Amino acid sequence: MNKPVMPQSSLSLKLPTGEGLIETYRLAASRTFPAKLEGTLNRVAFSAAHVVADPLADGDPWLTSAIDWDRTIAFREHVWDLGLGVAEAMDTAQRGMGLDWPTSLELIQRSVRAAKARGGALVFSGAGTDHLAVEDAKSLDDVIRAYEEQIAAVEKAGGRIILMASRALAKLGRSADDYARVYNRVLSQVREPVIIHWLGDMFDPALANYWGTSSLDTAMDIAVGIINANAAKVDGVKVSLLDKQREIDMRRRLDKNVKMYTGDDFNYAELIAGDDKGFSHALLGIFDAIAPAASYALSRLAAGDEAGFHDVLGPTVPLSRHIFKAPTRFYKTGIVFMAYLNGHQDHFTMVGGQESTRSTLHLAELFRLADKAGLLSNPELATRRMKTVLATRGVEP
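Residues numbered from 1 in each chain as written. Predicted model: local features only at pLDDT ≥ 70, side-chain atom pairs only at ≥ 80, totals over all residues. Heavy atoms only, no water.

Account for the overall build of the chain, with residues named and values stated.
The number of helices and strands found in the chain is 15 helices and 10 strands. Along the first, second and third principal axes, the C-alpha set of the chain runs to 60 × 50 × 45 Å. In the chain, which comprises 397 residues, the share counted as buried stands at 56%. Within the chain, residue pairs in contact and separated by at least 24 positions form 69% of the contacts whose partners lie at least 6 positions apart. Here the chain has roughly 16,000 Å² of accessible surface; of this, 49% comes from carbon and sulfur atoms. Here the chain contributes 45 positively and 49 negatively charged side chains, and the mean placements of these two sets differ by 2 Å. (Helix = DSSP H or I, 4+ residues; strand = E, 2+ residues; numbered from the N terminus. Buried < 20%, exposed > 50% of the residue type's maximum accessible area, 1.4 Å probe, protein only. Contact = heavy atoms within 4.5 Å. Areas by Shrake-Rupley, 256 points an atom, 1.4 Å probe, with all protein chains shown as cover. Lys, Arg positive; Asp, Glu negative; His and termini not counted. Charge placed at Lys NZ, Arg CZ, Asp CG, Glu CD.)

Dropping the structure here:
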């Protein structure tokens with residue numbers, strides 16, 4: 001059970017507020033969540049998990065991926081302990097923004113092995129076309145072959161598939177028929193039902209006009225048609241459009257055997273809670289940063305305590321909206337920063353040097369919002385680490 005939330009703690013630090021100003025910020029008292037799932041869940045919930053870089057590796061971060069495999073897998077153990085699944089090698093793991101396909105495949109292989117060692121912990125892994133350079137994709141057959149290659153590799157590792165959106169298909173696909181040709185062919189070959197990921201261009205500008213149109217209404221018609229026609233091959237759909245009404249509309253149109261996994265990092269609490277016509281399951285990047293709170297909130301929902309669910313998850317939404325603010329593709333920086341503050345890694349260094357994509361002001365506001373939501377698991381450690389990062393950016397204690 002949570003400790004009572006008190007107004008303030010004795011901890012404080014200096015944080016920038018903008019226009020060159022500095023304030024003394026006093027932390028709220030901490031809120032403690034269980035380290036392991038207590039009770040059961042009535043939603044399938046995945047955390048799209050980040051990777052931990054190796055800051056001591058000899059290499060050029062913009063060009064090569066150096067991964068701390070022990071810490072990376074340890075974080076997945078943390079997620080599994082909380083009753084959540086791991087969505088592996090997705091955009092949260094910097095897929096396409098620092099993590100190439102060979103490293104992604106090694107990550108998938110290691111994660112699947114770790115899941116099997118736990119007796120079958122839940123893990124689905126991203127299969128896409130990112131080893132095919134967009135400029136080298138000349139035909140839809142090239143896209144199909146690229147999908148087939150990655151699907152075969154993930155299935156050989158014993159993994160389940162999340163079928164990722166393809167930059168090459170976004171370049172070449174011009175119509176509903178083009179997308180149907182690719183998805184029908186690929187889905188006909190998968191061993192087990194997959195999760196289809198519709199990733200909006202706010203997460204990846206190269207995916208603009210996905211499904212062959214600039215109209216989201218038309219795109220949804222095309223997507224729903226393809227998915228429902230292949231329902232036996234589709235476990236669910238992850239929608240990352242940051243548009244709750246479109247997700248609800250799509251949810252109500254899906255075949256009854258196809259799950260909706262919310263990818264809406266702005267509105268997830270109300271979408272998971274649902275309404276009298278249905279609800280969304282979850283596959284969220286923000287669940288990486290708030291896993292203990294998410295697990296506890298979901299357990300309260302399963303126990304019939306919807307007020308308790310919203311009491312815990314509601315305060316996390318402002319933090320998530322901040323982390324995922326435009327340019328949304330840089331949200332991974334906030335995810336990794338939370339992992340650093342909460343002691344899951346000893347540094348704030350990212351694959352591809354992506355720790356530089358958010359400003360000092362952004363990180364300061366992240367700290368405030370995480371504190372107010374009770375998400376700093378060890379406030380003393382978090383405060384000390386925040387001060388260290390600020391000092392490297394010119395804000396002295």
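So, the environment of Ser47: which residues are in play, and what are the values?
Checked against the element boundaries, Ser47 lands in strand E3 (residues 45-48). Ser47 sits in the buried class, given a relative accessible area of 0%. Expressed as a C-alpha distance, the spacing of Ser47 and Gly285, which sit 238 residues apart in the sequence, is 5.9 Å. The residues touching Ser47, leaving out its near neighbours within four places in the chain, are Val79, Gly85, Val86, Ala87, Leu284, Phe287 and Asp288. Here Asp288 takes part through its backbone nitrogen, which lies 3.2 Å from a polar atom of the side chain of Ser47. (Polar contact = N/O pair within 3.5 Å; in protein donor to acceptor, adjacent residues only side chain to side chain.)

Would you mind going over the packing of aromatic side chains in detail, with residue names and values included?
One pass over the structure, following the stated rule, counts 17 aromatic pairs. Aromatic pair Phe46 and Tyr261: ring centres 5.7 Å apart, planes at 70 degrees, arrangement edge-to-face. Placement of Phe46 in strand E3 and of Tyr261 in strand E9 (residues 259-262) is noted, with a sequence separation of 215 residues between them. For the pair Phe46 and Tyr261, a shared accessibility class is recorded, and that class is buried. Taking the centre distance of 5.3 Å and the plane angle of 75 degrees together, the rings of Tyr210 and Trp211 count as edge-to-face. The class of Trp211 is buried, set by a relative accessible area of 1%. Taken together, the aromatic side chains of Tyr147, Tyr179, Tyr183, Trp198, Tyr210 and Trp211 make up a single cluster linked through ring pairs. Stacked on the ring of Phe279, the Lys or Arg Arg43 has its end atom at 3.6 Å from the ring centre. A cation sits over an aromatic face here: Arg329 above Phe330, 4.8 Å from the ring centre. (Phe/Tyr/Trp six-rings, centres within 6.5 Å; stacked < 30°, edge-to-face > 60°. Lys NZ or Arg CZ within 6 Å of the ring centre and 35° of its normal.)

I'd love a proper account of the confidence of the model for the chain, names of residues and values included.
Taken over all residues, the pLDDT of the chain has a mean of 95, while the share at 70 or more is 98%. Low pLDDT (under 50) marks residues 1-6, which in the prediction has 13 contacts with non-local residues, meaning those over four places away or in another chain. (pLDDT = per-residue confidence, 0-100.)

Explain the packing of helix H14 (residues 360-372) against helix H15 (residues 379-392) to me, and be specific about the residues and the numbers.
Relative to each other, H14 and H15 sit at 170 degrees, their axes nearing to 11 Å. On the basis of the axis angle, H14 is roughly antiparallel to H15. Where H14 abuts H15, its residues Thr360, Leu363, Ala364 and Phe367 lie against Ala382, Thr383, Met386, Val389 and Leu390. For the contact of H14 with H15, the class distribution of residues is 7 nonpolar, 2 polar and no charged. (Axes fitted to C-alpha atoms, helices over the stretch in contact; angles between N-to-C directions. Parallel < 35°, antiparallel > 145°, perpendicular 65-115°, else oblique. Nonpolar A, V, L, I, M, F, W, Y, C, P; charged D, E, K, R; others polar.)

Outline helix H3 (residues 140-156), listing residues and values.
With 17 residues, H3 extends 24 Å between its outermost C-alpha atoms, agreeing within 8% with the 24 Å of an ideal straight helix rising 1.5 Å per residue. Immediately downstream of H3, the backbone of Gly158 shows phi near 90 degrees, a positive value. (Expected span 1.5 Å × (residues − 1).)

Outline the sheet that holds strand E8 (residues 234-240), listing residues and values.
Strand pairing in a sheet takes place through backbone hydrogen bonds and is either antiparallel or parallel in direction. The sheet built from 8 strands closes into a barrel, its strands ordered E3-E4-E5-E6-E7-E8-E9-E10 with parallel pairing. Strand-to-strand, the axes of this sheet are offset by a mean angle of 25 degrees, without reference to chain direction. Sheet analysis places strand E4 (residues 85-88) next to strand E5 (residues 123-127), joined by 3 bridges and oriented parallel. In the strand pairing of E5, Glu88 is matched with Ser125. Here helix H7 (residues 244-253) sits on the sheet in contact with strand E7 (194-199), E8 and E9, set at roughly 165 degrees to E9. (Pairing = 2+ DSSP bridges.)

Please give an account of the packing of helix H6 (residues 216-229) against H7 that cites residues and values.
Running from N to C, H6 and H7 cross one another at 30 degrees; their axes reach a closest spacing of 10 Å. Looking at the two axes, H6 sits roughly parallel to H7. Judged by the sense of rotation from one axis to the other, the crossing of H6 with H7 is right-handed. Residues Leu216, Asp217, Met220, Asp221, Ala223, Val224, Ile227 and Asn228 of H6 lie in contact with H7, whose contacting residues are Arg246, Met250 and Arg253. Counted by class, the contact of H6 with H7 contains 6 nonpolar, 1 polar and 4 charged residues. (Left-handed = near helix turned anticlockwise from the far one by under 90°.)

Would you mind going over the pairing of strand E6 (residues 160-163) in detail, with residue names and values included?
Pairing of E5 with E6, which is carried by 4 bridges, proceeds in the parallel orientation. When the sheet's bridge partners are listed, Ser125 is paired in E6 with Ile161. Crossover connection from E5 via H3 to parallel E6: handedness right-handed. (Right-handed = clockwise from strand over helix to strand, strands pointing away.)

Any chance you could break down the side chain of Glu247 for me, citing the residues and the numbers?
With respect to the helices and strands, the residue Glu247 is situated in helix H7. Notably, Glu247 is buried but unbridged: the nearest opposite-charge side chain belongs to Arg251, and the N-O separation is 4.6 Å. (Salt bridge = Lys/Arg side-chain N within 4 Å of Asp/Glu carboxyl O.)

Can you break down the environment of Asp130 residue by residue, with the values?
Looking at where Asp130 falls in the secondary structure, it is placed in the loop between E5 and H3. As for Asp130 and Asp100, which are separated by 30 residues in sequence, their C-alpha atoms are 7.6 Å apart. If near-sequence neighbours (up to four positions away) are discounted, Asp130 is found in contact with Arg95, Trp101 and Gln150. Here the side chain of Asp130 touches Arg95 through a polar contact of 2.8 Å, side chain to side chain. A distance of 2.9 Å separates a polar atom in the side chain of Asp130 from a polar atom in the side chain of Gln150.

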